[in-house]
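Structural characterization, general
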Amino acid sequence: MKLYTADSAPMVADETTPTFALLTTDIADLSGDLPLAPSIDMPTLLDRCLGNVEFAQLLLEEFQSSVPQQLAGLARYTMDENGSAIRETAHSLRGIACTLAAEGLRQAATDLETAAIADDWKMIPQRIDRLHQEALRCLAEISHQRLVAKAADFANAQPRQA
């Protein structure tokens, strides 16, 4: 079994590490100024889940299903100039990002929360745009991880020819 880091270098795993290929990749830069580092630090996420791959997958699936509604909510709250709801949503996303080891998303959510607390309507739309970009990077990473896992499962299921 092999686990991979962001630079595709094999990680050392022991017998207790679940059989699952975590391969992070450079996600296309969506804005031109975002870093090319992986949006989710998969090895850290797996560590936070105590090596439980199924639990890590559950967290990623929950993020994938909930974040679109949260982003849509931010758009509504901006139109209504509801700074309190923006702050609460940003705070929630910050917590999720911390759990997922998604540093870019965590920083974007923190910046938005700070702007909302300050009632800084000049910065809030910019902060929401940044948060949206980071969330999209995370969603792309999750989709990529799912494809890599399926490919690894497929490769492992193929009979070996002698």
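Residues numbered from 1 in each chain as written. Predicted model: local features only at pLDDT ≥ 70, side-chain atom pairs only at ≥ 80, totals over all residues. Heavy atoms only, no water.

**A look at the packing of helix 3 (residues 83-100) against helix 4 (residues 103-117)**
Worth spelling out the cut-off: The angle between two axes is taken between their N-to-C directions and runs from 0 to 180 degrees, where each axis is a line fitted to C-alpha atoms and a helix contributes only its stretch in contact. Every helix listed is a DSSP run of H or I at least four residues long, and every strand listed is a run of E at least two residues long, numbered separately from the N terminus. Just so you know how the angles are binned, under 35 degrees is roughly parallel, over 145 roughly antiparallel, 65 to 115 roughly perpendicular, and the rest oblique. By convention, the crossing between two helices is left-handed when the near helix turns anticlockwise from the far helix through less than a right angle, and right-handed when the turn is clockwise. What makes two residues a contact is simply this: any of their non-hydrogen atoms within 4.5 Å. Residues were grouped as follows: Ala, Val, Leu, Ile, Met, Phe, Trp, Tyr, Cys and Pro as nonpolar; Asp, Glu, Lys and Arg as charged; and all remaining residues, including Gly, as polar.
As a packed pair, helix 3 and helix 4 sit with axes 8 Å apart at the nearest point and diverge in direction by 160 degrees. Here helix 3 lies roughly antiparallel to helix 4, going by the angle between them. Handedness of the helix 3/helix 4 crossing: left-handed. Together, G83, I86, R87, A90, H91, L93, R94, A97 and C98 of helix 3 and L105, R106, A109, T110, L112, E113, A116 and I117 of helix 4 make up the contact between the two elements. Here the contact of helix 3 with helix 4 is built from residues that sort into 10 nonpolar, three polar and four charged.

**Remarks on the nonpolar core**
In plain terms, the rule: Residues belong to one nonpolar core when they are buried, are Ala, Val, Leu, Ile, Met, Phe, Trp, Tyr or Cys, and are joined through side-chain atoms within 4.5 Å. With a 1.4 Å probe rolled over the protein chains alone, any residue whose accessible area is under 20% of its type maximum counts as buried; one over 50% counts as exposed, and the rest are partly exposed.
If you look at the biggest cluster of nonpolar residues, it comprises 30 residues, and the most contacted ones within it are I40, L45, F63, L74, L105, L112 and L131. Counting only elements with at least two residues in this core, the list comes to helix 1 (42-48), helix 2 (53-79), helix 3, helix 4 and helix 5 (124-157). For this core, the element with the highest residue contribution is helix 5, accounting for seven residues. Beyond its immediate stretch of four places on either side in the chain, L45 contacts I40, A56, L59, L60, T99, L100 and A101.

**Some details on the packing of helix 4 against helix 5**
Across the interface, helix 4 lies against helix 5 with an axial gap of 9 Å and an inter-helix angle of 160 degrees. Classed by the angle they form, the pair helix 4 and helix 5 counts as roughly antiparallel. As for how helix 4 packs across helix 5, the hand of that crossing is left-handed. Judged by residue contacts, G104, L105, A108, A109, D111, L112, A115 and A116 of helix 4 engage I124, R127, I128, R130, L131, E134, A135 and C138 from helix 5.

**Remarks on the packing of aromatic side chains**
The cut-off we apply is this: Any two of the Phe, Tyr and Trp rings considered here, Trp counted by its six-membered ring, make a pair once their centres fall within 6.5 Å; the pair's planes then place it as stacked at under 30 degrees, edge-to-face at over 60, or tilted in between. Comment: the charge-over-ring label is applied if NZ (Lys) or CZ (Arg) is within 6 Å of the ring centre and within 35 degrees of the ring normal.
For the structure on display, the rule yields zero aromatic pairs. Over the aromatic face of Y77 sits the side chain of R76, whose NZ or CZ is 5.9 Å from the ring centroid.

**Section: the pattern of salt bridges**
For the record, the criterion: Salt bridges, as used here, are contacts in which a Lys or Arg side-chain nitrogen is within 4 Å of a carboxyl oxygen on Asp or Glu.
Taken as a whole, this structure holds five salt bridges when the rule is applied. Between R137 and E134 there is a salt bridge whose closest N-O contact spans 3.1 Å. In this pair, R137 and E134 are both assigned in helix 5, three residues apart and thus about one turn of the helix distant. With respect to class, R137 is no different from E134; both count as buried. Beyond isolated ion pairs, a larger network of salt bridges with shared partners links R130, E134 and R137.

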